[in-house]
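# Report on the structure
Here's the letter readout for the chains.
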Amino acid sequence: MSIVTSAPPASSVLPPEDDLSVWPASTDAAPGGDLSVGGVPLAEAADRFGTPLYVLDEDEVRSRCRMYRAAFPDADVVYAAKAYLSRAVARWIREEGLGLDVCSAGELELAVTSGFPPDRILLHGNAKSPEDLRTAVRLGVGRIVIDSATEIARLATLVPPGDEPQRVMLRVVPGVVAGGHPSIRTGTDDQKFGLSLTDGSAQHAVDRVLGQPGLRLTGLHCHIGSQVTTVKPYLAALRRLIGLMARIRDQYGIVLPELDLGGGHAVAYRPGESALDITALATRVRAELADGCARAALPVPRLTLEPGRAVIGPAGVALYRVLAVKHTGGRTLVAVDGGMSDNPRPALYGVRYAPRLVGRARTAATTAMDVVGRYCEAGDILAADVPLPDDIHPGDLLAVPVAGAYHLSMASTYNMVGRPPVIAVSDGTARLLVRRESLSDMSARDVGE
Ligand SMILES: *Cc1c(COP(=O)(O)O)cnc(C)c1O
């Protein structure tokens, strides 16, 4: 259901801004027609910290962690740091008892230097650099997920003889199509991640890992894609992985104790969109695991899950100030002070958002308008065809919910505009987590004449 295909005459578009279903649970009405998140009025936060501004609801992140732990009490739940990571976020994740999945030496160093136990960290990556691997072995990460045959020997040489073997998992391509967009489908043979089951590369890699005394194979991993809305593809992937575990047992007499089903759990970005039902996922994965292992006469392995977006996405709100309003070609364009450099997702994947006016009461009727960014690309459109009040004007504030995942972690400094700050809100207080990137931050790197 999109506004484009089902749009009634523009003047009668209903105000979905009254629907707060995709906002953090703490969202509430605030004086003057504003909204508050975590007890902090958004207009107040915008005045104090400037715009664009990213607001993270700490309690929303924590309650999502707890929801996962309650749904999967016997599994390891590992937060995918690439969705968004800062020192405070690493602490919340640690305090809630989750592990961390990182994909670079940078994410790894940040996590460990902010007190994250290395043992609870997994390292991923289809092309891990020598620096990534060295850092992982030096810091003693719990698992390294092997993604290619060449990585096996390269990693083995980094483990000093006589040391404890490095525990590794193998990333397997289960041959399952899932995910909200071709760029985020990672379960099939035609993309860059993992080792194929169908052409035998996964089986070959098992052989190579078992031949390395410096490595200990603890289990198999798969990650089928992102924004996956149904449970079924996970069950299909699970069956394939159990099949490979049984073949490994038959061939080598080894029973692998772990199985990692990756992440990819969908969230709703707009009211009415569907999210993956985590309770249903837990129930059906547990049943499939028990049945599949019983059929294959395997003990049930310890399960790992790697949610990123579903932990932090809905906890974030992006705030923008309107800088210009233009009426052109029969459309109204609302230009804001951020855009594709803090949120590249609409340009990358065509993702749709539901921005709304905050900071003042909405009295005028609404019309479908396009919210555009400030960057020098015609494709810098944050949200097309969204209903906004007719009297929208420069100085107004727009808020975009579900802004916590894959915005700032993918942000750039395009047009030499510094990246926005991040604040945490909780119990009526706001505190700065990451400050705005300054011109001097950017020019400090420019060391040539
Ligand atoms: C990106 C990624 C995740 C997290 O994906 P989400 O869609 O954010 O849940 C988990 N595991 C791996 C290996 C990933 O690459």
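Since this is a predicted model, take the numbers as computed values, not measurements. (Residues numbered from 1 in each chain as written. Predicted model: local features only at pLDDT ≥ 70, side-chain atom pairs only at ≥ 80, totals over all residues. Heavy atoms only, no water.)

Enumeration according to the criterion identifies 24 salt bridges in this entry. Among the salt bridges present, the one from Arg64 reaches Glu60, with a minimum N-O distance of 2.8 Å. Placement of both Arg64 and Glu60 in helix H3 (residues 58–71) is noted, with a separation of four residues, approximately one turn of the helix. In this structure, Arg64 and Glu60 share a single accessibility class: buried. In this structure, Arg331 engages Asp385 in a salt bridge whose closest nitrogen and oxygen atoms are separated by 2.9 Å. (Salt bridge = Lys/Arg side-chain N within 4 Å of Asp/Glu carboxyl O. Helix = DSSP H or I, 4+ residues; strand = E, 2+ residues; numbered from the N terminus. Buried < 20%, exposed > 50% of the residue type's maximum accessible area, 1.4 Å probe, protein only.)

Moving on, we get to the packing of helix H8 (residues 201–210) against helix H9 (residues 232–252). Viewed as axis vectors pointing N to C, H8 and H9 meet at an angle of 45 degrees, and their least axial separation amounts to 11 Å. Here H9 runs oblique to H8, going by the angle between their axes. When the axes of H8 and H9 are compared, the crossing they make is right-handed. Contact residues: Ala202, Gln203, Val206, Asp207 and Leu210 in H8; Leu244, Arg247, Ile248 and Tyr252 in H9. (Axes fitted to C-alpha atoms, helices over the stretch in contact; angles between N-to-C directions. Parallel < 35°, antiparallel > 145°, perpendicular 65-115°, else oblique. Left-handed = near helix turned anticlockwise from the far one by under 90°. Contact = heavy atoms within 4.5 Å.)

Turning our attention to the UniProt feature "binding site: substrate" (unreviewed entry) in the chain. Mapped onto this numbering, the UniProt entry annotates "binding site: substrate" (unreviewed entry) at Arg309, Arg345, Tyr349, Glu377 and Tyr406. With a sequence span of 98 residues, these residues are also far apart in the fold, their greatest C-alpha distance being 26.8 Å. For Arg309, the position within the fold is in helix H11 (residues 309–312). Not counting chain neighbours up to four residues away, the residues in contact with Arg309 comprise Ala83, Ile184, Ser226, Gln227, His265, Val267, Tyr269, Pro314, Arg345, Ala405 and Tyr406. (UniProt positions renumbered as here; feature names shortened; annotations may be inferred.)

What follows is about the state of the cysteines. Tallying each qualifying case throughout the model produces zero disulfides. In this structure Cys222 is a free cysteine whose sulfur lies 14 Å from that of Cys293, the closest cysteine sulfur available. On the accessibility criterion, Cys222 (0% relative accessible area) is buried. What makes Cys293 buried here is its relative accessible area of 0%. (Disulfide = S-S within 2.5 Å.)

On to the packing of aromatic side chains. Using the criterion set out here, one finds two aromatic pairs in the structure. Taken together, a centroid distance of 5.3 Å and an interplanar angle of 75 degrees make the contact between Tyr269 and Tyr353 edge-to-face. Taken as a pair, Tyr269 in the loop between strand S12 (258–260) and helix H10 (278–295) and Tyr353 in the loop between helix H12 (345–349) and strand S16 (356–358) lie far apart in primary sequence, 84 residues in all. For the residue pair Tyr269 and Tyr353, the accessibility class agrees, reading buried in each case. When the centroid spacing of 6.0 Å and the interplanar angle of 25 degrees are considered together, the rings of Tyr375 and Tyr414 count as stacked. (Phe/Tyr/Trp six-rings, centres within 6.5 Å; stacked < 30°, edge-to-face > 60°.)

To continue, consider the UniProt feature "binding site: pyridoxal 5'-phosphate" (unreviewed entry) in the chain. Listed under "binding site: pyridoxal 5'-phosphate" (unreviewed entry) in the UniProt record, and renumbered for this structure, are Gly264, Glu306, Pro307, Gly308, Arg309 and Tyr406. By secondary structure assignment, the location of Pro307 is in the loop between strand S13 (302–305) and H11. When sequence neighbours within four positions are dropped, the list of residues in contact with Pro307 reads Tyr68, Val77, Val78, Tyr79, Ala80, Gly263 and His265. A polar contact is formed between the side chain of Arg309 and the side chain of Tyr269, at a distance of 2.6 Å. (Polar contact = N/O pair within 3.5 Å; in protein donor to acceptor, adjacent residues only side chain to side chain.)

On to the site of the ligand. In the vicinity of the ligand lie 16 residues, with Lys82, Ser226, Glu306, Arg309 and Tyr406 positioned nearest. The contact in question runs from an oxygen atom of the ligand to an N or O atom on the side chain of Lys82, over 2.7 Å. Take Tyr406: an N or O atom from its side chain is 2.5 Å from an oxygen atom of the ligand. Bound to the protein, the ligand loses 93% of the 380 Å² it would expose on its own. Grouping the constituent residues of the shell around the ligand by class yields three nonpolar, eight polar and five charged. (Near = heavy atom within 4 Å. Areas by Shrake-Rupley, 256 points an atom, 1.4 Å probe, with all protein chains shown as cover. Nonpolar A, V, L, I, M, F, W, Y, C, P; charged D, E, K, R; others polar.)

Looking at the secondary structure, you find His221 in strand S11 (residues 215–221). Taking the C-alpha atoms as reference points, His221 and Leu170, separated by 51 residues in sequence, lie 5.7 Å from one another. Look past the residues within four positions of His221 in its chain and what remains in contact with it is His124, Val145, Met169, Leu170, Arg171, Val172, Leu241, Asp260, Gly262 and Glu306. Within the structure, His221 has its side chain in polar contact with the side chain of Glu306 (distance 3.0 Å).

What follows covers the sheet that holds strand S3 (residues 40–41). In spatial order, the strands read S1-S2-S3; together these three strands make up an open sheet with antiparallel pairing. Of all strands in the sheet, those with a lone pairing partner are strand S1 (28–30) and S3, marking the two edges. Where strand S2 (residues 34–37) and S3 come together, two bridges link them in antiparallel fashion. Opposite Ser36, over in S3, you have Pro41 as the bridge partner. (Pairing = 2+ DSSP bridges.)

Our next topic: helix H5 (residues 105–113). When H5 is considered as a whole, its buried residues turn out to be Ala105, Glu107, Leu108 and Ala111. Each buried residue of H5 sits inside an arc of 160 degrees when the element is viewed along its axis, so together they form one side. Once H5 finishes, Gly115 follows within two positions and takes phi at roughly 95 degrees, a positive value. (Arc of directions from axis to C-beta.)

Further remarks concern helix H2 (residues 42–49). Those residues of H2 not exposed but buried are Leu42, Ala43, Ala45, Ala46 and Phe49. The arc that holds every buried residue of H2, seen down its axis, measures 160 degrees, which confines them to one face. For H2, the exposed residues set more than 90 degrees away from the buried face come down to Glu44, Asp47 and Arg48. Following H2 by one or two positions, Gly50 adopts a phi angle in the positive range, close to 80 degrees.

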